[in-house]
Amino acid sequence: MSSFSTSFSSPPFLSNHSYRDPSRVRSLSFLSASPQGLNLDDLCVRSQRKLVQSSVAVGDGAVITKSSPPADKKDGPLSIPSQEADKLLIEESNGGEQKSTVSITVVGASGDLAKKKIFPALFALYYEGCLPQHFTIYGYARSKMTDAELRDMVSKTLTCRIDKRENCGEKMEEFLKRCFYHTGQYDSQEHFVALDKKLKEHEGGRLSNRLFYLSIPPNIFVDAVKCASSSASSVTGWTRVIVEKPFGRDSKTSSALTKSLKQYLQEDQIFRIDHYLGKELVENLSVLRFSNLIFEPLWSRQYIQNVQFIFSEDFGTEGRGGYFDHYGIIRDIMQNHLLQILALFAMETPVSLDAEDIRNEKVKVLRSMRPIQLEDVVIGQYKGTTKGGVTYPGYTDDKTVPKDSLTPTFAAAALFIDNARWDGVPFLMKAGKALHTRSAEIRVQFRHVPGNLYNRNSGGTNLDRTTNELVIRVQPDEGIYLKINNKVPGLGMRLDQSNLNLLYSDRYSKEIPDAYERLLLDAIEGERRLFIRSDELDAAWALFTPLLKEIEEKKTIPEFYPYGSRGPVGAHYLAAKHNVQWGDLSLDQ
């Protein structure tokens, strides 16, 4: 298996005299060169061995330092007494008893995200042996609930989707015994003090590391962070906070949120999660490009005609319209998921696999992007329709959505990167709800072959229109395939387009880990590569805020499209304007 050693981060007060060990830099993908492929075992064993060291690591490399906390930091996490940390490290390195623990608090534990994604992901990590020997999971929410009621709620969402090496029922029981619940208000110091007391009881004097997952509405992020930081931070280890999107509605609100969070946390304690960056095919994107000689030389304007980032859902808002109407498809999908994938796709080769080196290159891409023009954007909104005797509601039929809402449920846009590698190449984004299928994919359409010899006798096929295309299917049916022109067997000279196909379900026997599993594990380890840095966020909002402001000020009316269709016709005209055809509209996809 390819190298998968891990780098760790520290609380902000450990920031001097860092030393970065290149042997501990994490690789870009779980993929190995072996047929077995996705193997978490080596990763999880290493993760457990290094947990104590993570509490005294700097940035993204291993380091032990005796720095003291800054004098002006009042509400942030407390420091690790350096003598105690050194002592624990010595005991650990000498094979002594495990002295560290991780306490994971899911703030907003009664919500759908916690029930459907966070708790199942934590159980999957536990089942695979990725969590440390000693850990505690606490649910925190305003709802009145007992430990037993939390366990009953969580148990209904747990599945043993992983190959069953051990009895699943026993594993579930053991996991649920580690789950507890504390009722409290998100803005109550008193309630977080009570939580801190309970956490300390379970930590039992060990070196405590604490992770808070904010699965709550963004308007109460700051209150929860303030209380957790001042009343429930670790005294001896690290404290980290995972923040779910949305990170504001525009540049101004995003900047205000970041400024407020940094009153109580350092940047390296804030883990802004975008779960699409944890998906296997997105992680493999850089591996595909930088470790295969056949692709990297082609990755430029000389050979690539356009790149498409396509996201579609085959369902509507389904009662969540009140939330969605406040943001719309551009904020919900394009400004984060698709733009982050674009930055990974288009970035230059980073200096190393270090998180900061990779994120530096992503920021350069975002800052090189041309302002988005309204004429290069199409917005749409799905309307009700009847098919096969079944009636599908329109967006404004949702009782939580205003009847006169102009919020787009579909958007297509053409973006450009003004640098030497990508000058003139259109990067097309398309995202929508209530479309004909559910999918997420990246399509790279290459230029046609100059003076193609076979255009005259290709059996009617226009080879200028059937160019090579690399397709990376993120979901569902994860896979990578390359469209090539090929001779049809026979005595004549007839050509057609065929696929060189890597379907993950056929190639790899292990099931692909859920994105939340990978991202939770990264946060525990202090690996930031798949999380969004504040300057990345600023650059992303700087790109989309002027467009959003123009759409809203002009009250641009979205083009209506039927529920279950391929979206508004205007998206096809937009592609044609840039001499592009959407790749997902071809018969063979």
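The rules we used
- The residue numbering used here restarts from 1 in each chain and proceeds along that chain's sequence as written.
- Side-chain atom pairs in this predicted model are given and counted only at pLDDT of 80 or more, local residue features only at pLDDT of at least 70, and totals for whole chains, interfaces and linings cover all residues.
- To obtain the side-chain values, all non-hydrogen atoms of the structure were included, while hydrogens and water were left out.
- Paired rings are identified among Phe, Tyr and Trp, the last through its six-membered ring, by centres lying within 6.5 Å, and are further divided according to the angle between planes into stacked (under 30 degrees), edge-to-face (over 60) and tilted (the rest).
- Under the DSSP-based scheme used, a helix requires at least four consecutive residues in state H or I and a strand at least two consecutive residues in state E, with every element numbered from the N terminus.
- A simple rule labels every residue: compare its accessible area, found with a 1.4 Å probe on the protein chains alone, to the largest value its type can have, and call it buried under 20%, exposed over 50%, or partly exposed in between.
- Counting as a charge over the ring demands two things of the Lys NZ or Arg CZ atom: a distance within 6 Å of the ring centre and an angle within 35 degrees of the ring normal.
- Predictor confidence is given residue by residue as pLDDT, running from a minimum of 0 to a maximum of 100.
- Here, residues are in contact when the closest pair of their heavy atoms is within 4.5 Å.
- Pairing between strands is defined by DSSP: at least two bridges between them are needed.
- Fitted lines through C-alpha atoms serve as axes, helices being fitted only where they are in contact, and the angles separating the N-to-C directions of these axes extend from 0 to 180 degrees.
- Here the nonpolar core consists of buried residues drawn from Ala, Val, Leu, Ile, Met, Phe, Trp, Tyr and Cys, with membership extended through side-chain atoms lying within 4.5 Å.
- When an angle is under 35 degrees it counts as roughly parallel; over 145 it counts as roughly antiparallel; between 65 and 115 it counts as roughly perpendicular; any other value is oblique.
- Just so you know the grouping, Ala, Val, Leu, Ile, Met, Phe, Trp, Tyr, Cys and Pro go in nonpolar, Asp, Glu, Lys and Arg go in charged, and all remaining residues, Gly too, go in polar.
- An expected span of 1.5 Å times one less than the residue number is assigned to each helix.
- In this analysis the local bend is the angle between axes fitted, respectively, to the seven residues ending at and the seven residues starting at the residue.

Quick notes on the packing of aromatic side chains
Part 1 of the argument: Here the structure, examined in full by the defined rule, presents 24 aromatic pairs.
Part 2 of the argument: Consider the rings of F345 and F427, whose centres lie 6.3 Å apart with planes at 75°: the pair is edge-to-face. With F345 in helix α11 (residues 321-346) and F427 in strand β12 (residues 427-432), this residue pair connects regions lying 82 residues apart in the sequence. For the pair F345 and F427, a shared accessibility class is recorded, and that class is buried.
Part 3 of the argument: Residue placement shows K430 over the ring face of W582; its charged tip is 4.3 Å from the ring centre.

What about the confidence of the model for the chain?
Part 1 of the argument: On average, residues of the chain score 81 in pLDDT, and 80% of them are at 70 or above.
Part 2 of the argument: In the model, residues 1-39 has pLDDT below 50 throughout and makes 140 contacts with residues more than four positions away in sequence or in other chains.
Part 3 of the argument: The low-confidence segment residues 45-97 (pLDDT under 50) makes 128 contacts with residues lying over four places distant or belonging to another chain.

Observations concerning the sheet that holds strand β1 (residues 100-107)
Part 1 of the argument: On the basis of which strands lie adjacent, the open sheet formed by seven strands has the order β3-β2-β1-β4-β5-β6-β17 and mixed pairing. Of all strands in the sheet, those with a lone pairing partner are β3 (179-183) and β17 (531-532), marking the two edges.
Part 2 of the argument: Pairing geometry for strand β4 (residues 207-214) and strand β5 (residues 239-244), over five bridges, is parallel. Bridged to R210 within β5 is T239.
Part 3 of the argument: Strands in contact with helix α8 (residues 221-231) are β4 and β5; relative to β4, the strand with the most contacts, it is inclined by about 170°.

Overview of the environment of E174
Part 1 of the argument: Note on placement: E174 falls in helix α6 (residues 168-177).
Part 2 of the argument: Taking the C-alpha atoms as reference points, E174 and Y127, separated by 47 residues in sequence, lie 9.8 Å from one another.

Things to note about the nonpolar core
Part 1 of the argument: Ranked by size, the top nonpolar core spans 153 residues in total, and within it F175, F309, F345, F427 and F544 carry the most contacts.
Part 2 of the argument: Examining the composition of this core, we find that 13 residues originate from one element, α11, more than from any other.
Part 3 of the argument: Setting aside residues up to four positions removed in sequence, F345 forms contacts with L285, R289, W299, I304, V307, F309, W422, F427, I442 and V444.

Observations concerning the packing of α11 against helix α12 (residues 355-367)
Part 1 of the argument: Where α11 contacts α12, the two axes come as close as 8 Å, and the packing angle between them is 105°. With respect to α12, the axis of α11 lies roughly perpendicular. Along the contact surface, α11 presents L339, Q340, L342, A343, L344 and A346, while α12 presents I358, K362, V365 and L366.
Part 2 of the argument: Classifying every residue of the contact of α11 with α12 by side-chain character gives eight nonpolar, one polar and one charged.

Examining the environment of L195
Part 1 of the argument: Topologically, L195 is positioned in helix α7 (residues 189-203).
Part 2 of the argument: Linking L195 and H182, residues 13 residues apart in sequence, is a C-alpha distance of 6.7 Å.
Part 3 of the argument: Residues in contact with L195, not counting those within four places in the same chain, are T105, Y138, Y140, H182 and F212.

Considering the pairing of β12
Part 1 of the argument: With six of its six residues buried, β12 lies for the most part within the structure.
Part 2 of the argument: Pairing of strand β7 (residues 304-312) with β12 involves six bridges; the strand directions are parallel. Across the sheet, V307 pairs through a bridge with F427, a residue of β12.

Some thoughts on the side chain of T136
Part 1 of the argument: The residue T136 is located in strand β2 (residues 135-141) in this model.
Part 2 of the argument: When residues no more than four places from it in sequence are discounted, the contact partners of T136 are V102, S103, I104, R178, F180 and H202.

Observations concerning helix α15 (residues 534-553)
Part 1 of the argument: Here α15 contains 20 residues, and its C-alpha end-to-end distance of 27 Å stays within 8% of the 28 Å for a straight helix at 1.5 Å per residue.
Part 2 of the argument: By the largest-angle criterion, F544 marks the main kink of α15, which is about 35°, and a proline, P546, follows within four residues.
Part 3 of the argument: Taken from the residues just after α15, K555 is the one with a positive phi, measuring 50°.

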